[in-house]
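Structural features, examined
Next come the chains, spelled out residue by residue.
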Amino acid sequence: MRRLHSSSPDEQKPRPSMLRHLTSKIKATGPITVAEYMREVLTNPVTGYYVKNSMLGADGDFITSPEISQMFGELVGIWIISEWMGAGRPKQLQLVELGPGKGSLAADVLRVFRQLSSVVGGASVSLHLVEVSPVLARLQADALTGSSGEEADGDEDPVYHRGRTRDGLPVSWYRRLDDVPAGFSVFVAQEFFDALPIHKFQRTDRGWREVMVDVDPEKEEQLRFVLAPSPTLASSTLIQAGERRNHVEVCAEGGAIIQQLARRITDGGGAALIADYGHDGTKTDTFRGFKGHQLHDVLSSPGSADLTADVDFSYLRKTAGGGVACLGPVSQRNFLKNMGIDARLQVLLRSCADPSVRQQLISSYDMLMNPKKMGERFHFFSLLQLSRLARPTAPNGLKLEKNKNPAPLPVAGFTELQYS
Ligand code: SAH
């Protein structure tokens with residue numbers, strides 16, 4: 001299960017305009033790649049699923065971890081502060097979130113920053129949100145800045161909206177990561193990579209062939225999958241040497257974003273935390289649609305349902321290259337446990353007398369942590385500066401036992417908490 005869906009009346013209606021757009025495109029130029037299909041269906045600037053819908057939350061189409069419990073965003077906030085400290089407390093800290101949904105994660109992170117202002121107070125903090133959906137950007141602005149925001153003057157400005165949080169921190173909205181300024185940054189992407197377009201490939205007797213989307217010749221208004229008759233650019237370049245699976249999905253766009261994150265972390269310092277469902281290079285056919293709590297045929301009524309594919313963390317690790325360190329994937333259950341979710345739950349329960357709120361806290365903890373629910377389906381993966389994991393050298397004059405250099409500072413969430 002990807003998310004808990006509830007159907008909205010708008011979603012029930014097929015969107016003929018998206019289907020018409022795709023069929024006329026295919027008739028004009030031939031079958032399209034699955035990546036192009038996914039990109040059009042989800043983020044077409046006029047009719048895309050993400051662009052048109054507000055699909056998150058109780059009365060929307062699905063629910064995600066930060067929407068389930070404030071504890072999720074709070075622990076991510078602690079992780080960010082811990083990495084900022086691990087980097088030597090730089091004076092500037094950019095918090096960058098990719099695909100912020102309703103803004104709940106960012107709001108919970110900012111609350112932690114407020115509560116720990118004695119720790120982070122010395123840094124100048126700014127928030128940078130990368131979002132394609134104008135509908136969601138409006139919800140994010142309401143959640144984070146109230147009515148204080150202003151739109152960009154023209155289309156040229158890469159910042160299409162800006163404002164200030166209630167604590168006075170500057171917030172800017174961008175369509176692409178490319179447009180976010182350079183500088184020490186901690187990047188967060190929660191259920192972002194699974195929405196990026198994937199290419200699909202099938203092993204055949206004649207070698208790898210790309211799966212394409214075509215119009216069904218027998219049914220005018222229906223799409224179908226076909227195999228490209230000869231190698232495509234993607235099938236010639238995206239399959240790893242020694243690949244053993246017979247069917248492979250590759251998210252080249254996700255790889256390109258990882259490379260950009262890696263470059264930014266190497267050049268300006270910082271870290272990235274990626275949370276999503278996925279696998280480590282073992283799964284094959286994970287492309288699926290969701291509509292109204294149910295699995296939905298990815299090719300029927302395009303634009304009316306969410307499309308998603310599991311994130312291949314082994315591919316992200318390979319594309320990150322050797323310039324950064326990669327940690328994970330570790331399960332959401334282990335990550336949140338290592339971050340201290342049990343202690344956080346106890347603190348919240350202690351300060352809450354209302355039995356229904358207490359019950360809600362306990363059931364949301366169970367949803368996030370239960371291996372049969374989100375606990376083992378979702379994983380955390382991180383990119384860090386190489387120097388972050390290097391052994392610090394012993395300070396001059398300090399006598400250490402021979403060969404006993406201090407160990408590197410552990411990275412929160414990825415190492416088991418040790419209580420002494
Ligand atoms: N992180 C949120 C929302 C997840 S849904 C949560 O966990 O609740 C995916 C988010 O990514 C949405 O905000 C969607 O509009 C955004 N998104 C999808 N594709 C995108 C793209 N190519 N560029 C920027 N944002 C994108």
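Scroll up for the structure.
Structural notes, computed from the coordinates. What you see is a predicted model, and the numbers here were worked out from it, not measured in a lab.

**Re the sheet that holds strand β15 (residues 306-308)**
Ordered by their spatial adjacency, three strands build an open sheet running β14-β13-β15, and the pairing between neighbours is antiparallel. Each edge of the sheet is formed by a strand with only one pairing partner; in this case those strands are β14 (294-296) and β15. Direction aside, neighbouring strands of the sheet carry axes that sit 40 degrees apart on average.

**Observations regarding the packing of aromatic side chains**
Counted by the stated rule, this structure contains seven aromatic pairs. Ring geometry for Tyr49 versus Tyr50: centroids 5.5 Å apart, planes at 75 degrees, classification edge-to-face. Of the two residues, Tyr49 and Tyr50, both sit in the buried class. Measuring from centroid to centroid gives 5.5 Å for Phe313 and Phe381, while their planes differ by 40 degrees, and the two rings are tilted. Taken together, the residues Phe313 in helix α12 (residues 313-320) and Phe381 in strand β18 (residues 378-385) connect sequence positions 68 residues apart. Like Phe313, the residue Phe381 is buried in the burial classification. Ring pairs connect the aromatic residues Phe72, Phe335, Phe380 and Phe414, which therefore count as one cluster. Lying across the ring of Tyr277, Arg288 places its NZ or CZ 5.1 Å from the centre.

**Some points on the pairing of β18**
A large share of β18 lies buried, amounting to seven of its eight residues. Where strand β12 (residues 270-279) and β18 come together, seven bridges link them in antiparallel fashion. Within β18, the residue paired with Ala271 across the bridge is Leu384. Bridge count between strand β17 (residues 324-331) and β18: six bridges; the pairing is antiparallel. Note on β18: the bridge partner recorded for Leu327 is Ser382.

**A word on the nonpolar core**
Residues Tyr37, Phe193, Leu223 and Leu383 are the most contacted members of the largest nonpolar core, which totals 62 residues. Beyond its immediate sequence surroundings of up to four residues, Phe193 is in contact with Cys251, Gly254, Ile257, Ile258, Ile274, Asp276 and Val311. Core analysis: the next-biggest nonpolar cluster, separate from the first, contains 57 residues, Leu110, Leu144, Leu348 and Phe414 among them.

**Things to note about the pattern of salt bridges**
Per the counting criterion, the structure on display carries 21 salt bridges. Between Lys200 and Glu249 there is a salt bridge whose closest N-O contact spans 2.7 Å. Highlighted residues: Lys200 in strand β8 (residues 199-204) and Glu249 in strand β11 (residues 247-250), separated in sequence by 49 residues. Each member of the pair, Lys200 as well as Glu249, carries the same accessibility label: buried. For Asp342, the salt bridge identified is with Lys337, shortest N-O distance 2.8 Å. According to the relative accessible area criterion, Asp342 is partly exposed, its value standing at 31%.

**Describing the packing of helix α6 (residues 70-86) against helix α7 (residues 104-115)**
Direction vectors running N to C along α6 and α7 enclose 55 degrees, while the axes themselves pass 7 Å from each other. When the axes of α6 and α7 are compared, the pair comes out oblique. Helix-helix and strand crossings are classified by hand; for α6 and α7 the assignment is right-handed. Along the contact surface, α6 presents Gln70, Phe72, Gly73, Glu74, Val76, Gly77, Ile78, Ile80 and Ile81, while α7 presents Leu105, Asp108, Val109, Arg111, Val112 and Phe113.

Conventions adopted
- Residues numbered from 1 in each chain as written.
- Predicted model: local features only at pLDDT ≥ 70, side-chain atom pairs only at ≥ 80, totals over all residues.
- Heavy atoms only, no water.
- Pairing = 2+ DSSP bridges.
- Helix = DSSP H or I, 4+ residues; strand = E, 2+ residues; numbered from the N terminus.
- Axes fitted to C-alpha atoms, helices over the stretch in contact; angles between N-to-C directions.
- Phe/Tyr/Trp six-rings, centres within 6.5 Å; stacked < 30°, edge-to-face > 60°.
- Buried < 20%, exposed > 50% of the residue type's maximum accessible area, 1.4 Å probe, protein only.
- Lys NZ or Arg CZ within 6 Å of the ring centre and 35° of its normal.
- Core = buried A, V, L, I, M, F, W, Y, C linked by side-chain atoms within 4.5 Å.
- Contact = heavy atoms within 4.5 Å.
- Salt bridge = Lys/Arg side-chain N within 4 Å of Asp/Glu carboxyl O.
- Parallel < 35°, antiparallel > 145°, perpendicular 65-115°, else oblique.
- Left-handed = near helix turned anticlockwise from the far one by under 90°.

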